[in-house]
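A closer look at the structure
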Amino acid sequence: MTFSLNDIPDLSGKTAIVTGSTAGIGKVCAFELARKNCYVIVACRNQTKGDAVVKEIQEQTGNKRVECIILDLSSLASVKKFSETILTTFDKIDILLNNAGLLDVPFQLTEDGIETMFATNHVGPFYLTLELLPLLIKSNAGRIVNVASMLHAMTTLTGVDFEKISDEKNYNGKTHYAKTKVANILFTYELTRRLKEKGINNVYVNCNHPGAIKTDPYYQGGLLKKGSFIDSITNLYFISVEKGALTQLYLATSPDIEQKDIKGQYYVPIAKCGSSNGFSKSKENATKLWNITENILKEKIPGGNYVEDRI
Ligand SMILES: NC(=O)c1ccc[n+]([C@@H]2O[C@H](COP(=O)([O-])OP(=O)(O)OC[C@H]3O[C@@H](n4cnc5c(N)ncnc54)[C@H](OP(=O)(O)O)[C@@H]3O)[C@@H](O)[C@H]2O)c1
């Protein structure tokens, strides 16, 4: 299987939300969707950065149907506000690219009292996805792509106690990242099962590992030093950010997804069906994570109006 930017079909009439599109892989995805005439919502937490990206995309692609709407995934109030704006402005959403993510940050609780990486990488995207599901169902073929990581496989060794995920005790940024990424995969599989049970067949939920790409977190987190010996030899292993965007662009846009009914799958570079670890395949783990996340939302959403059973 190969997939290149040229294989992205014309997306006129489609609307996509790309989270984390101010930098890295998400920015490339926003560009390429806009280039193919998609209406693109740059969902980001920083207005100045978002406006700059919108301007850049509009100028370079000629597509003016690109806008920035503020979304801070670490804040349930922000996710709620963003979703309300989308629900009142758009009739349908065709692509939700849950790409934003944090890697290996020091322990900190969000304003909602949730560990920051878990809040940003899992709880926020979970809430966002369920809020927007009615609009994805209104699309002919709604696509949800959850960007995970091959590092989820570390949970084979560490396991995950989701009940204690926001505890500072024994917190380690690297293994914690893996736990949030296995959560992306568990969510993908469980949402697919639940949609199927409800007879909703026109929403395609998949997840992926984009590849190893030297985006900012590798340098900011001190994993690598720019220009160092290790930086240059690791270039042999890393792929470009453009290549790193391809697998999620495939899941978000390729006609294959409907034609081959690709749902509830984990994809790896480039656009290949992969296999996630045993922990992620456990229905018991998926149900547990789903229930824990719903309980967090019921307890913490401002105004307390989380609606269960929306699918
Ligand atoms: N790079 C890799 O090798 C690799 C490998 C496997 C998986 N991934 C996954 O790929 C995805 C993209 O990674 P990347 O390497 O492109 O990272 P990146 O360059 O650091 O970009 C991350 C994006 O997420 C946004 N973001 C962070 N926290 C946010 C929040 N609270 N609310 C909204 N947006 C937020 C950032 O916004 P700001 O600009 O405001 O910071 C930025 O736009 C992540 O999910 C990551 O886990 C990456």
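Note that the structure is predicted; figures quoted are calculated from it, not measured.

Quick notes on the environment of Asp231
Within the secondary structure layout, Asp231 lies in helix 8 (residues 229-234). For the pair formed by Asp231 and Leu73, sequence separation is 158 residues and the distance between their alpha carbons is 31 Å. Beyond its immediate sequence surroundings of up to four residues, Asp231 is in contact with Lys214, Tyr219, Leu224, Lys225 and Lys226.

Some words on the side chain of Ser83
With respect to the helices and strands, Ser83 occurs in helix 3 (residues 76-89). Within polar-contact distance, the side chain of Ser83 engages the backbone oxygen of Val79 at 2.7 Å. If near-sequence neighbours (up to four positions away) are discounted, Ser83 is found in contact with Leu128, Glu131 and Leu132.

What to know about the sheet that holds strand 8 (residues 272-273)
What the eight strands build is an open sheet, ordered 3-2-1-4-5-6-7-8; its pairing is mixed. Strand pairing shows two members of the sheet lacking a second neighbour, strand 3 (66-70) and strand 8, which therefore form its edges. Alignment of strand 1 (residues 15-19) against strand 4 (residues 95-98), held across three bridges, turns out to be parallel. If you follow Ala16 over to strand 4, its bridge partner there is Ile95. Contacting strand 1, strand 4, strand 5 (142-147) and strand 6 (203-208), helix 4 (residues 116-137) crosses the sheet at an angle of about 170 degrees to strand 4. Along the sheet, helix 6 (residues 173-197) contacts strand 5, strand 6 and strand 7 (266-268); its crossing angle with strand 6, the most-contacted strand, is approximately 160 degrees.

Quick notes on the pairing of strand 1
Extensive coverage of strand 1 is indicated by the burial of five of its five residues. Residues Thr15, Ile17 and Thr19 of strand 1 are buried on one face, and the alternating residues Ala16 and Val18, pointing to the opposite face, are buried as well. Handedness of the crossover joining strand 1 and strand 2 (residues 39-44) through helix 1 (residues 24-35) is recorded here as right-handed.

What counts and how
Counting from 1, residues in each chain are numbered in the order their sequence is written. Only residues with pLDDT of at least 70 get local features here, since the model is predicted, and only at 80 or more are side-chain atom pairs given and counted; chain-wide, interface and lining totals rely on the full set of residues. Think of the side-chain values as coming from all heavy atoms in the structure, minus any hydrogens and water. Helical segments are the DSSP runs of H or I of at least four residues, strand segments are the runs of E of at least two, and each set is numbered from the N terminus. Any two residues whose heavy atoms approach within 4.5 Å at even a single point are treated as in contact. Two N or O atoms form a polar contact when they lie within 3.5 Å of each other; inside protein one atom must be a possible hydrogen donor and the other a possible acceptor, and for residues adjacent in sequence the pair counts only when both atoms belong to side chains. Whether two strands pair comes down to DSSP finding at least two bridges between them. Interaxial angle, 0 to 180 degrees, is taken between N-to-C directions of lines fitted to C-alpha atoms, where a helix line uses only the stretch in contact. Relative accessibility thresholds used throughout: buried, under 20% of the residue-type maximum; exposed, over 50%; partly exposed, between the two (1.4 Å probe, protein chains only). For a crossover, the right-handed case is the one in which the path from the first strand over the helix to the second runs clockwise, viewed with the strands pointing away from the viewer.

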